[in-house]
Amino acid sequence: MAQYDPFRDLDRLASGLLDARRGPRRMPMDLYRDGDHYVLTADMPGIDPGSVDIDVDGQLLTIRAERTLTTGEGVKWITREREAVSFLRQLNLGQGIDTDRITANYNNGVLSVTIPVSEKAKPRKIEVTSEAEQPTIMAHESEPQPVEQ
């Protein structure tokens, strides 16, 4: 049986009023490089995949999402700790990213964004040659030969 705690409700009310983080929330994310692409994963629980908006403007990647809570008519809430919130995250991609080939997938509350490295920025080997390996062409003048008649 649940016990009523008036201080818990007062604490929740006070933290709701004094919460300085009104507006878009930052979503926790991980970012790592795997071969020739970066992978960004962000936790976005309870998000409708249709509300996720990802865009690239120059080298700035912006991720936006909304979590809305449905309320049925005639519903009487016992407790409501989850909030309807908007998430926002912006990343400066820097140089060397192929922004035309960025892809995203949302599965089980986790957004995965694959960010490919551009061909120009991929590591490559430079062949080293030495003068000893290259053939040398020698040129010298020769005496003109008399022409017989």
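Just so you know, these numbers come straight off a predicted model, no measurement behind them.

### Focus: the overall build of the protein chain
The number of helices and strands found in the protein chain is one helix and seven strands. When its helices and strands are written in sequence order, the protein chain yields α-β-β-β-β-β-β-β. Out of the 149 residues in the protein chain, the part that is buried amounts to 20%. Looking at the protein chain alone, contacts between residues at least 24 apart form 51% of all its contacts between residues at least 6 apart. Counting only carbon and sulfur atoms, one obtains 51% of the accessible surface of the protein chain, whose full area is about 12500 Å².

### A look at the sheet that holds strand 3 (residues 53-57)
Strands sit in the order 3-4-5 across an open sheet of three strands; the sheet is antiparallel. Two strands bound the open sheet, and with one partner strand each, they are strand 3 and strand 5 (85-92). Averaged over all pairs of adjacent strands, the angle between their axes in this sheet comes to 15 degrees, without regard to strand direction. Judged from the five bridges that link them, strand 3 and strand 4 (residues 60-67) form a sheet pairing that is antiparallel. The residue bridging valine 56 from the neighbouring strand is leucine 61, located in strand 4.

### Considering the pattern of salt bridges
Tallied over the full model, the rule gives three salt bridges. A salt bridge links aspartate 53 to arginine 64; the nearest nitrogen and oxygen atoms lie 3.9 Å apart. Taken together, the residues span a long stretch of sequence, with aspartate 53 in strand 3 and arginine 64 in strand 4 at a distance of eleven residues. When the shortest N-O distance is used, the salt bridge between arginine 64 and aspartate 55 registers 4.0 Å. In the salt-bridge network here, residues are joined through shared partners; they are Asp53, Asp55 and Arg64.

### Remarks on unusual backbone geometry
Notably, asparagine 108 is not glycine yet its phi reads approximately 55 degrees, a positive angle. Looking at where asparagine 108 falls in the secondary structure, it is placed in the loop between strand 6 (103-107) and strand 7 (110-116). Residue classification places asparagine 108 among the exposed positions, given a relative accessible area of 74%.

Conventions adopted
Residues numbered from 1 in each chain as written. Predicted model: local features only at pLDDT ≥ 70, side-chain atom pairs only at ≥ 80, totals over all residues. Heavy atoms only, no water. Helix = DSSP H or I, 4+ residues; strand = E, 2+ residues; numbered from the N terminus. Buried < 20%, exposed > 50% of the residue type's maximum accessible area, 1.4 Å probe, protein only. Contact = heavy atoms within 4.5 Å. Areas by Shrake-Rupley, 256 points an atom, 1.4 Å probe, with all protein chains shown as cover. Pairing = 2+ DSSP bridges. Axes fitted to C-alpha atoms, helices over the stretch in contact; angles between N-to-C directions. Salt bridge = Lys/Arg side-chain N within 4 Å of Asp/Glu carboxyl O.

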